[in-house]
Amino acid sequence: MAVLFLLPALVLLGALVLYPIGYSLFRSFFDTSGDFAAFDNYETLFTDDSIRTAIKNNAIWVVVAPTVATALGLIFAVLTERVRWGTAFKLIIFMPMAISMLAAGIIFRLVYESDPDRGVANAVAVSVHDTFAESSAFPQAHPSAKSPLRNEEGGAFITREPVRAGTPVVLPLVGVAPDTMPDGAEAAKPAKADPGRVTGTAWQDFTRGKGRGEVNVPDTAELGYDGIKIEAVRNGEVVASTEATADGTFALPKAADGAHLRYPASNFREPYNGIEWLGPTLITPSIIGSYLWMWAGFAMVLIAAGLASVPRELLEAARVDGANEWQVFRRVTVPLLAPVLAVVLVTLVINVLKIFDLVFVIAPGSSKDEANVLAVQLYNSAFLDKDLGVASAIAMLLFLLVIPVMAFNIRRMRREGRR
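Now for a quick tour of the structure. (Residues numbered from 1 in each chain as written. Predicted model: local features only at pLDDT ≥ 70, side-chain atom pairs only at ≥ 80, totals over all residues. Heavy atoms only, no water.)

**Considering the overall build of the protein chain**
Keep this limit in mind: Think of it this way: any DSSP run of H or I at least four residues long counts as a helix, any run of E at least two long counts as a strand, and we number them from the N terminus. For a compact globule the rule gives 2.2 Å times the number of residues to the power 0.38, and the radius of gyration it is set against comes from C-alpha atoms. Between two residues, a contact is recorded if the distance between any of their heavy atoms is within 4.5 Å. To be clear on the numbers: accessible area is Shrake-Rupley with a 1.4 Å probe, and residue cover counts the displayed protein chains and nothing else.
The helix and strand inventory of the protein chain stands at 14 helices and eight strands. Compactness check: the protein chain gives a C-alpha radius of gyration of 33 Å against a globular reference of 22 Å for 419 residues, more than 25% above the reference. Judged by the C-alpha coordinates and their principal axes, the protein chain covers about 110 × 75 × 35 Å. Expressed as a percentage of contacts within the protein chain between residues at least 6 apart in sequence, the contacts between residues at least 24 apart total 69%. Just so you have it, the protein chain exposes about 23200 Å², and 62% of that area is on carbon and sulfur atoms.

**Comments concerning the sheet that holds strand β1 (residues 149–152)**
Using the following cut-off: Two strands form a pair only when DSSP identifies at least two bridges running between them. Note on geometry: axes are lines fitted to C-alpha atoms, helical ones only across the stretch in contact, with angles between N-to-C directions running from 0 to 180 degrees.
Pairing in this open sheet of five strands is antiparallel, and the strands run β1-β2-β8-β5-β6 from one edge to the other. Two strands in the sheet have a free side with no partner beyond their single neighbour: β1 and β6 (237–243). Here the average twist between neighbouring strands, direction ignored, is 30°. The pairing of strand β2 (residues 156–159) with strand β8 (residues 260–263) spans two bridges and is antiparallel. Pairing of Ile158 across the sheet is with Arg262, part of β8.

**Overview of the pairing of β1**
Pairing analysis gives four bridges linking β1 to β2, with the strands arranged antiparallel. For Asn151, the partnering residue across the bridge sits in β2 and is Phe157. Taken together, β1 and the strand that follows it, β2, pair antiparallel across an intervening segment of three residues, in which Gly154 is found at a positive phi of about 95°.

**Points about the pairing of β8**
A regular strand carries its side chains on alternate faces of the sheet. Relative to β8, strand β5 (residues 229–234) runs antiparallel, the two being bridged by three bridges. Considered in β8, the bridge of Ala232 is made with Leu261.

**Looking at the sheet that holds strand β7 (residues 249–252)**
Here we have three strands laid out as an open sheet, ordered β3-β4-β7, and mixed in their pairing. This sheet does not close on itself; its edge strands, each paired only once, are β3 (169–173) and β7. Averaged over all pairs of adjacent strands, the angle between their axes in this sheet comes to 25°, without regard to strand direction. Pairing geometry for strand β4 (residues 198–204) and β7, over four bridges, is antiparallel. Residue Gly200 lies in a different strand from β7, and its bridge partner there is Phe250.

**Structural notes on the layout of surface pockets**
For clarity, the cut-off: Two kinds of site are reported from a 1 Å grid over the protein atoms alone, namely cavities, where a 1.4 Å probe fits but cannot get out, and pockets, open sets with protein on both sides within 12 Å along at least five of seven lines, and residues are called lining when an atom falls within 4 Å of a point. Grid points are joined across faces, edges and corners, and a volume is the space filled by probe spheres set on the points. Side-chain classes are defined by residue name, with Ala, Val, Leu, Ile, Met, Phe, Trp, Tyr, Cys and Pro counting as nonpolar, Asp, Glu, Lys and Arg as charged, and the others, Gly among them, as polar.
Taken as a whole, the second largest pocket spans an internal volume of roughly 360 Å³. Looking at the second largest pocket, it is lined by 15 residues, and the ones nearest its centre are Val78, Arg82, Arg319, Glu325 and Phe329. With five residues, helix α9 (residues 325–336) is the single largest residue contributor to the lining of the second largest pocket. Tallied by class, residues from the lining of the second largest pocket come to eight nonpolar, one polar and six charged.

**Quick look at the packing of helix α5 (residues 101–111) against helix α7 (residues 283–308)**
Put simply, the test is: An angle below 35 degrees is treated as roughly parallel, one above 145 as roughly antiparallel, one from 65 to 115 as roughly perpendicular, and anything else as oblique. Here a crossing is called left-handed whenever its near helix is offset anticlockwise from the far helix by less than a right angle, and right-handed whenever the offset is clockwise.
Put simply, α5 and α7 touch, their axes get as near as 10 Å, and they point 130° apart. One element, α5, and the other, α7, form an angle in the oblique class. Once α5 is placed against α7, the crossing between them reads as right-handed. Between α5 and α7, the residues in contact are Met101, Ala104, Ile107 and Phe108 and Ser290, Tyr291, Trp293, Met294 and Trp295, respectively. Counted by class, the contact of α5 with α7 contains eight nonpolar, one polar and no charged residues.

**Overview of helix α6 (residues 120–132)**
Applicable threshold: The span you would expect from a helix comes to 1.5 Å times its residue count less one. Relative accessibility thresholds used throughout: buried, under 20% of the residue-type maximum; exposed, over 50%; partly exposed, between the two (1.4 Å probe, protein chains only). Of all possible arcs, the one meant is that of the directions from the helix axis to the C-beta atoms.
The end-to-end C-alpha distance of α6 is 19 Å, a good match for the 18 Å that 13 residues give at a rise of 1.5 Å each. Ala121, Asn122, Ala125 and Val126 are the residues of α6 that are buried. Considered in projection along α6, the buried side chains sweep an arc of 125° and stay on one side of the axis. Along α6, the residues that are exposed and aim more than 90 degrees away from the buried face are Val120 and Thr131. Elements in contact with the buried residues of α6: α5.

**A short note on the environment of Pro148**
Within the element layout of this structure, Pro148 appears in the loop between α6 and β1. Through-space distance from the C-alpha of Pro148 to that of Ala98 is 65 Å; in sequence the pair is 50 residues apart. In this structure Pro148 touches Ile158, Thr159, Arg160, Val170, Pro172 and Asn216, once residues within four positions along its chain are discounted.

**Section: the packing of aromatic side chains**
Applied cut-off: Two rings from Phe, Tyr or Trp (for Trp, the six-membered ring) form a pair when their centres are within 6.5 Å of each other. A pair whose planes differ by under 30 degrees is stacked, one over 60 is edge-to-face, and the rest are tilted.
For the structure on display, the rule yields 23 aromatic pairs. Here a set of aromatic residues connected by ring pairs shows up, and it is made of Tyr19, Tyr23, Phe26, Phe30 and Phe36.

Shown next, in the form of structure tokens:
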């Protein structure tokens, strides 16, 4: 009678689990043409560069993602018990779990866009960077062949001759695209002579149209370098400095008389465009970040449920005995939550071993190889390369990797059952 009741479940188990495992093992010993290949496919797993990269990345995933997600879940669970709006916080953190992996991949593909105007991550990175080191509006500017300026070591430009008070100075540059000029730039004007100051004009010495404008002479069709920095340098020391106004004119005190004027290199610093999140170096950490965004909430909910069952008198007893909050957390809370933490950790390890969607969607074509994992490689081998033998060998490798985790989980469950 027991066998009769179990038969439907056994049939489904055999059809959906045991048969695929057995056939994958059988198929892994044959090549693409169906000929017996012995262990050649398994040898390929450790000689093919793409598969070795996938194995290395899977190892990184298994070590980093479950550990960090569990740690974040533990921190969030403990913190939510200490704030009034803990329920709302839990809801916000858990909400990403309602989103599919595919949708999350699309979201983070946009978050990691390299263009700061589109990618949130780079918009934040650029904002923080520019708060402490403002980017230049003149990164491509340089003197023309007939300019009174010459190159100086380090990327600065300096006048060939000393300047004199009462004689207006011209500091023309070229090379700045019209659409990248400062928004406040106005038509360039010749500076007025002032016997008590060194005056001059800093501007874009270029007028569209052949034969238009005069070299080294400000023209109303040309724009001033609004905000560009100018220094007066004597014997290697800066004796005065200023910034040009919207029309490019500037004025330096009498101390600049007899000095050389210099555009410091900071004027020509390339604009900071953020971090290459989806480049070869950061692609795997970036995708792991998106995974944590989704699964930290899952860890938090399970750990919070375990934390709710922790006897409060034990925590209070520890505090009465003189333990501070960190000691209570480390010596009492964490040990009592060890069974729950093990469940969360094991679940996440199994989950990341078969990670596919996020890697497949987020990684651009240029970084696909660097982000490769076993599940993606299995798909590529089976459906793109049409090599079912290697794909079956990868499937068996994944199966073997899961077995120790499952064995640990079963032993833990039996141990808990005996308690």
